[in-house]
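Spelled out from the first residue to the last, the chains are:
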Amino acid sequence: MLRLALRRASSTAPAHTRTVLNSFSRSVSGSASSPSLSIWRRKKEIGKEGLIVAKELKRLQPDPVRFDRYIRSNVSRLLKSDLVAVLAEFQRQDQVFLCMKLYDIVRKEIWYRPDMFFYRDMLMMLARNRKVEEAKRVWDDLKREAVLFDQHTFGDIIRAFLDSGLPSEAMDIYEEMRQSPEPPLSLPFRVMLKGLIPYPELREKIKDDFLEIFPDMIIYDPPEDLFVDHEQDKDEDNKGYR
């Protein structure tokens, strides 16, 4: 309706005015037709109030009573952009406890909508920190909300769990990927196969699946001694976690 009114006004207006009206009409049309970018993909800059809240949450973390009181009185008042930015910053810092608190808060906000990138960022952070129970909880939530990952995101998340020494959890997600209605792509498989070098048996399974789905493609296997080197590195990493 607005564009129609602009065209009618333009048809009877002087030349200079028509130029202005036509330019405005194009801007209205473009903004209406272009899809909005997910808030979880936009550049996240913390405002002044967000910085204050982030600092206080970290300071009060050891004191559960004061921490919960501060959550109720201050975090709920944050603007959407600040809340998103504070969560992203805590993810960057690998602040698992604080991320899970804000994760719960975000999902209760009136503006919240299930989003692939929201869940991707949470799972990647939890994988880096080897937080299996929290990752299972987040995965259950996204399943209930019917969030569908694309194949590239599946590959990235599986690789994150593999790189953190969590092959069992990675394979669970791989099974979800195989059941996805999204058509399979070769690149996510290659990403996973590279991450599976320390796990030869699992790699063979996914390699077989890959060759079944993409029979005309070739997989270049690493030298045998590379598997041995990775097995030694994995043993040393496991000792470090004990």
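Because the structure is a prediction, the values reported are computed rather than measured.

Reading guide: rules and limits
Residues numbered from 1 in each chain as written. Predicted model: local features only at pLDDT ≥ 70, side-chain atom pairs only at ≥ 80, totals over all residues. Heavy atoms only, no water. Helix = DSSP H or I, 4+ residues; strand = E, 2+ residues; numbered from the N terminus. Buried < 20%, exposed > 50% of the residue type's maximum accessible area, 1.4 Å probe, protein only. Contact = heavy atoms within 4.5 Å. Areas by Shrake-Rupley, 256 points an atom, 1.4 Å probe, with all protein chains shown as cover. Phe/Tyr/Trp six-rings, centres within 6.5 Å; stacked < 30°, edge-to-face > 60°. Expected span 1.5 Å × (residues − 1). 1 Å grid on protein atoms, 1.4 Å probe; cavity = no way out; pocket = protein on both sides within 12 Å on 5 of 7 lines; lining within 4 Å. Points joined across faces, edges and corners; volume = space filled by probe spheres on them. Nonpolar A, V, L, I, M, F, W, Y, C, P; charged D, E, K, R; others polar. pLDDT = per-residue confidence, 0-100. Salt bridge = Lys/Arg side-chain N within 4 Å of Asp/Glu carboxyl O. Core = buried A, V, L, I, M, F, W, Y, C linked by side-chain atoms within 4.5 Å.

(A) Seen up close, the overall build of the protein. In terms of helices and strands, the protein carries 13 helices and zero strands. Counting helices and strands in the order they occur from the N terminus, the protein gives α-α-α-α-α-α-α-α-α-α-α-α-α. Per-residue burial for the protein yields a buried fraction of 40% across its 242 residues. Restricting the contact set of the protein to residue pairs at least 6 apart, pairs at least 24 apart contribute 64%. Working note: accessible area of the protein is about 14,700 Å², and carbon and sulfur atoms make up 53% of it.

(B) Structural view of the packing of aromatic side chains. Throughout the structure, instances matching the rule amount to 13 aromatic pairs. With centroids separated by 5.8 Å and ring planes inclined at 55 degrees, the aromatic side chains of Trp139 and Phe149 adopt a geometry described as tilted. Note that Trp139 is positioned in helix 8 (residues 132–144) and Phe149 in the loop between helix 8 and helix 9 (151–163), a separation of ten residues in sequence. A single burial state applies to Trp139 and to Phe149, both of which are buried.

(C) Seen up close, helix 8. A rise of 1.5 Å per residue sets the reference length of helix 8, with its 13 residues, at 18 Å; its end C-alpha atoms lie 18 Å apart and thus fit the reference within 8%. Here helix 8 has its buried residues at Val132, Ala135, Val138, Trp139, Asp141 and Leu142. Contacts from the buried residues of helix 8 go to helix 6 (96–108), helix 7 (116–128), helix 9 and helix 10 (167–179).

(D) A look at the layout of surface pockets. In this structure, the second largest pocket occupies an estimated 170 Å³ of space. Taken together, Leu123, Val132, Ala135, Lys136, Trp139, Asp140, Phe161, Glu169, Asp172, Ile173 and Glu176 make up the full set of residues lining the second largest pocket. Secondary structure elements with two or more residues in the lining of the second largest pocket: helix 8 and helix 10. It is helix 8 that provides the largest number of residues to the lining of the second largest pocket, a total of five residues. Looking at side-chain class alone, the lining of the second largest pocket contains six nonpolar, no polar and five charged residues.

(E) Looking closely at the confidence of the model for the protein. In this model, the protein carries a mean pLDDT of 82, and residues with pLDDT of at least 70 account for 77%. Scored below 50 in pLDDT, residues 1–10 shows twelve contacts in the model against residues more than four places distant or in partner chains.

(F) Geometry of the pattern of salt bridges. Scanning all chains against the criterion turns up 16 salt bridges. Measuring nitrogen to oxygen at the nearest pair gives 3.9 Å for the salt bridge that ties Lys101 to Asp68. Taken as a pair, Lys101 in helix 6 and Asp68 in helix 4 (residues 64–73) lie far apart in primary sequence, 33 residues in all. The exposure class of Lys101 is partly exposed, given its relative accessible area of 29%.

(G) Looking closely at the nonpolar core. Formed by 62 residues in total, the largest nonpolar core has its most connected members in Leu57, Val75, Leu102, Tyr119 and Phe149. Sort the elements by how many residues they give to this core and helix 7 lands first, with nine residues. Residues within four places of Val75 in sequence aside, it is in contact with Val53, Leu57, Tyr70, Leu83, Leu102 and Ile105.

(H) Geometry of the side chain of Ser180. Checked against the element boundaries, Ser180 lands in the loop between helix 10 and helix 11 (186–195). Residue Ser180 is classed as buried on the basis of its relative accessible area of 12%. Among residues more than four places away in sequence, those in contact with Ser180 are Leu148, Phe149, Gln151 and Phe154.

(I) Up close: unusual backbone geometry. A positive phi is found at Asp94, a non-glycine position, where the angle reads about 60 degrees. Take Asp94: it is sitting in the loop between helix 5 (80–92) and helix 6. We note that Arg130 has phi near 55 degrees; this positive angle belongs to a residue other than glycine. In this fold, Arg130 is placed in the loop between helix 7 and helix 8.

(J) Up close: the environment of Val106. With respect to the helices and strands, Val106 occurs in helix 6. Assessed through its relative accessible area of 0%, Val106 is described here as buried. Excluding its chain neighbours within four sequence positions, the residues that come into contact with Val106 are Trp40, Leu83, Leu87, Trp111, Tyr112 and Phe118.

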